[in-house]
Each structure stands twice: as C-alpha cells, then as structure tokens.
Amino acid sequence: MFAPEKPSGQQKPGAFGNMASVGDFNVLSSSIPATKVELSVSCRNLLDRDTFSKSDPICVLYTQAIGNKEWREFGRTEVIDNTLNPDFVRKFIMDYFFEERENLRFDFYDVDSKSPNLSKHDFLGQMFCTLGEIVGSQGSRLEKSITGIPGKKCGTVIVTAEELSCCRDSVLMQFCANKLDKKDFFGKSDPFLVFHRSNEDGSFTICHKTEVVKNTLNPVWQAFKISVRALCNGDYDRTIKVEVYDWDRDGSHDFIGEFTTSYRELSRGQSQFNVYEVINPKKKGKKKKYINSGTVTLLSFLIETEVSFLDYIKGGTQINFTVAIDFTASNGNPSQPTSLHYMNPYQLNAYGMALKAVGEIIQDYDSDKMFPALGFGARLPPDGRVSHEFALNGNPQNPYCHGIDGVMEAYYRSLKSVQLYGPTNFAPVINHVARYASSVKDGSQYFVLLIVTDGVISDMAQTKESIVNASKLPMSIIIVGVGPAEFDAMEELDGDVVRISSRGKFAERDIVQFVPFRDYIDRSGNHVLSMARLAKDVLAEIPEQFLSYMRVRGIKPSPAPPPYTPPIHVLQTQI
C-alpha cells in the first residue's frame, strides 16, 4: 500500500575506487532520508452522500514529483462504514527531508461498492498541503478545511505527523577479529572492516568503514557510532554484509573475506551468536580443507536514541527567516534585460527564484509567516544616502512582510524606488539578525538569514568577525551567489574546508552555506527544477547546524503539546 523505499546510491560490492584514505569516508547521509514520519488522518463533519445512512469514507493520498506537476497515488486508508467523523487506522509512512518541498493532496470519497476505481465512488472533497506544513504546525498537527465541491461545506481534516522511533536510534558497536589470513609478504595484515546495507533490489550500499589496525591478525577496532537508518534503513531483518580487507598503501586493498548479519542478530550483543566466520568464497571453492579466513567477534552493542530536529519543531521551536538582497550597481540597471534585477513580467529573475525556492520551504516552520526583508548597497530616497541595512517595505520600524509573496512584492517595489550603488557589505545585515538571535538563546527560536548577492564582497574582515560572533548564536546563514562573478571569497566564508576565523578566534560551529545559483540552472529551462535543486542543497545543512547549537548549549526540546483526542460523539437514543 505504501510507496517503496527510494533506491539509495548504489555501489558495486567491493568497488570503492581509490580507498587509501579510509579515515575520511563520509557516511552516505545524502541518500538516506533524514527520517520517516507516520501520518494519521481524521475528519470531522464530512458531507453526507448516502440517502439512508451516513457516508462510508476513505482517504486517498497523492504526492507530487519535484519539478513535475503530475500527482501520483501514494496510498489509501481503509474504508470506515457509516460515519462523517472517521479516525482512519491505516497510516501513511513517508520519508521526510527538511530541505525538500513535498506537496500532498488528500482526497476523500464515499465508497459505494467494492471497485478500486475511484470514479465509481462519490467525491467528498480534498485538501492540499505540504509535509513541512504538517510537521511545522503546533504539535505537528494540521487542521484544515476540506474543499473541492463548490457551494458546500465539506468539513475539516486533521493530519498528525509522528516521527518513527527507529529512525532516531544510533548504535555504538565494537568488533575484534582472530586469526585473519596473512596477506602481506613481510609483515602481518593491516585489516579494516567495510559495512554494507542491502537495498530492496538485492544490491548493496556501503555505509561504514572502520579504521585500519596495522600489522596484526588479531585486531581490535575502535568502537564506532552509526545511525540505524544508515545501517539497515530501519529494517531490523535486512541483510548487513561485512567485508574484511587488508589495507595497502597503493589503494589495491586485498580481500580477506566476508560475513553477513542483521541488526536483529547484532542487537543480541556479545554472545556466541555474534562470532562470525570470515569466508573467502574463492578460497572455499578451490581448497577442500578450507575452514575460514579467521573470525570476527562483536564486543559490544549499545543503542542510543538521538534527539532529532523534529523533536524541537514539535516542541514549538520556531524558525525565523530573514532575507537580505544585494542592491549594488554591479547587478546592472533593473530596466535592462541583461540586469540580474531585471523585472521580467513573464518569469522570475535569479534573485526572485532564490528567494522563492528557499522561502517557500522555510515558511512552513514559522507560525506567523512574517519575514523581515532587508536590502544593502543602495542609495535611498529622498536624500540619496547609502544604506547597507534598509527595509524593503520602506518601514525601518517594521521591516516585516507577510509570507514569501509579501517579500517578493516589497523587493519589486524597492527596485523602483532605490538607486543601485555600492559597496557590497554583508556585516550590517548579519549583525541585524544577530541582534535578534542574541536576545533568545533558550532554544525557542532559531534564525536563518538568506543573503542573495551578485558577488564580490567589500567588507571581508568585518563579515568574518560578524560570522565568528554569530556562530555562538541560534542562527545560520545561507548565501546564494547569482550571476557570472568569481565567488572564491564566498567559499572561504562557507567554512566547510577550513573553519572560518577572525583575529585568531575560530567560529564555534559552521553556520554558513554558500552556493552559486548557476550550478543549479536546469538546461531545459525548467525553473521549478532549478529551484528545487537549489533549495535541497542550501537547506540540507540547516537541521544539523540547528542541532549543533542545541547540543552545545545543552538545550533539550520542549515537550510536545498533548496529542489531540477526537471528541466523543454521544449517541442520543430516542425514547
């Protein structure tokens, strides 16, 4: 009934390219959904389509592919007979990514026969929303009117999202080995382990490598931590294949042997069940007396439940979104088609696309949908003074715009009234958001600043200092570079390779994500796809940056509000 798992990035067993640098392997976080959520659906006061009894409702969920308007059926609940207030038992289990906009459509029908064909049943209405809207609502509970039948009140639907617990567990495991095959001519082997989880189609995806233990046939590897999602995608009986290799400096590591297990087997902990024979199939086929190539033993297995991003959102943490737009003269005259700020009546310019792509996802996590929108690098009317921190709506006391559409409107209005000038200074808008962030450090709010710019930064030293100071605050900064400029300086701010520092002080955590918009432009001209790709990349790091702040400060999520209990309908018997 439910949609199949998304296939993960596949890799041939035993093929890892040049693997000499075993230590810097990054667990394949990108191909694993951040988590899974379970959606429960209830309705109140549905339309009554049956003459002699009440409707017999069913709910059908549809999802929409990225960059594609086509709706695909995801699943159906059971049919509940004779009620206008159903609480459906069958749940929808969906992959959840913070950085993707997942459009959902819930259709309701009154089932009149056994036919699976929906056109044979009476339509009761529908509700559209995004998965982020459900998760971002208070207590992850969204209540919305059902629409779709003109002139009729179709009732309301309540959708609740619950994160599946298996997605939040990590395990701490330690292994040792005995009497492994000797592979090196002059010394003993240098063994390491490679873990693979199996996919639905029988292929394997690498999910962890241990460190190399030098010159021993009886290694004890360090304990390592891995999420249950990465290890087995939450399926406790799925095969986990472990390969044992002898490390070679040139990257041509020698295969010693392999064994298979599962999460369920490993969870028994240290016992006779968790001593595995390492088998080399080639040797086994050739040698009659072959027993094994050594054994691997599980020394310890400890389950830890991680606090997740969704725990904080469910507990009421709000994400405040601020936009800052570059109004410097290097963007070109907005009335010319060559300008990055060109106001094309038929399509969004690059600034508009970046704003909409990121803003439409983040707005689901902000209950009042009021966003401060700032500009920098322009001369303002009436006196032509240069400002690096002005309100796009012209109201410095209240720079808030309603929703992303309000931000877009204020942006277009500003283009008509200000004069593009310079220089390109980031520090004032970063400090603007930092002032707000420094006043709420209790975990109830987290701030995301989106800076859209055409490039070369003028106040590098001040910006670095602002970022180092902001790294102690509940905030993240996304910089989207538009246009053809060289963005080398921005890479330095990103801090992924070298942690950013100012006057000898290093940033407490990495809070900046920079991307050039040109890397995301879809060649076929599909802007929806360009925007989805951009949002996916710039927002993917936010949950981890958010959690790193909460962890460092020791802030636990607030308890979620009590779950919704549907009102009991008292049946009145007539005497």
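All values reported here derive from a predicted model rather than from experimental measurement. (Residues numbered from 1 in each chain as written. Predicted model: local features only at pLDDT ≥ 70, side-chain atom pairs only at ≥ 80, totals over all residues. Heavy atoms only, no water.)

1. Focus: the domain arrangement of the chain
Domain boundaries in the chain define domain 1 (35-164), domain 2 (169-305) and domain 3 (314-553). The gap between the C-alpha centroids of domain 2 and domain 3 is 46 Å. (Domains from an automatic or database assignment.)

2. Quick word on the side chain of Thr453
The topology assignment puts Thr453 in strand E24 (residues 445-453). With near-sequence residues (within four places) excluded, Thr453 lies in contact with Asp326, Tyr351, Thr424, Phe426, Ile479, Val480, Gly481, Val482, Phe487 and Met490. (Helix = DSSP H or I, 4+ residues; strand = E, 2+ residues; numbered from the N terminus. Contact = heavy atoms within 4.5 Å.)

3. Focus: the nonpolar core
A general trend in soluble globular proteins is that nonpolar side chains are found buried together. Among the nonpolar cores identified, the biggest contains 88 residues, and Leu39, Phe106, Phe108, Ile134, Phe327, Val480 and Leu539 are the most heavily contacted of them. The greatest single-element share of this core, amounting to 9 residues, is contributed by helix H6 (residues 350-362). Residues lining this core come from more than one domain, with at least three contributed by each of domain 1 (35-164) and domain 3 (314-553). Counting 33 residues, the second-largest nonpolar core is a separate cluster that includes Val194, Ile206, Val242 and Phe259. (Core = buried A, V, L, I, M, F, W, Y, C linked by side-chain atoms within 4.5 Å. Buried < 20%, exposed > 50% of the residue type's maximum accessible area, 1.4 Å probe, protein only.)

4. Remarks on helix H7 (residues 403-417)
Here H7 is 15 residues long and its end C-alpha atoms lie 22 Å apart, about the 21 Å a rise of 1.5 Å per residue gives. Regarding H7, the residues found buried are Gly403, Ile404, Gly406, Val407, Met408, Ala410, Tyr411, Ser414 and Leu415. Elements in contact with the buried residues of H7: strand E17 (318-326), H6, strand E18 (370-376), strand E21 (390-391) and strand E22 (400-402). (Expected span 1.5 Å × (residues − 1).)

5. Looking at the confidence of the model for the chain
Mean pLDDT over the chain works out to 88, with 91% of the residues at or above the 70 mark. Segment residues 1-31 is flagged for pLDDT under 50; beyond a separation of four residues in sequence, or across chains, it makes 63 contacts in the model. (pLDDT = per-residue confidence, 0-100.)

6. Observations regarding helix H9 (residues 460-470)
For H9, the set of buried residues is Met460, Thr463, Lys464, Ser466, Ile467, Val468 and Ala470. Looking at the buried positions of H9, the neighbouring elements they touch are helix H8 (427-437), strand E25 (475-481), helix H10 (488-494), strand E26 (501-502), strand E27 (505-506) and strand E28 (512-516).

7. Let's talk about empty space enclosed by the protein
For the structure shown, the criterion picks out 1 cavity of 30 Å³ or more. Estimated volume of the largest cavity: approximately 90 Å³. Together, 13 residues line the largest cavity, and Phe97, Glu100, Arg101, Glu102 and Gly132 are the ones closest to its centre. Contributions of two or more residues to the lining of the largest cavity are made by strand E4 (92-96), helix H1 (131-136) and H6. Across the lining of the largest cavity, the residue classes tally to 6 nonpolar, 1 polar and 6 charged. Mapping the lining of the largest cavity onto the domain boundaries places at least three of its residues in each of domain 1 (35-164) and domain 3 (314-553). (1 Å grid on protein atoms, 1.4 Å probe; cavity = no way out; pocket = protein on both sides within 12 Å on 5 of 7 lines; lining within 4 Å. Points joined across faces, edges and corners; volume = space filled by probe spheres on them. Nonpolar A, V, L, I, M, F, W, Y, C, P; charged D, E, K, R; others polar.)

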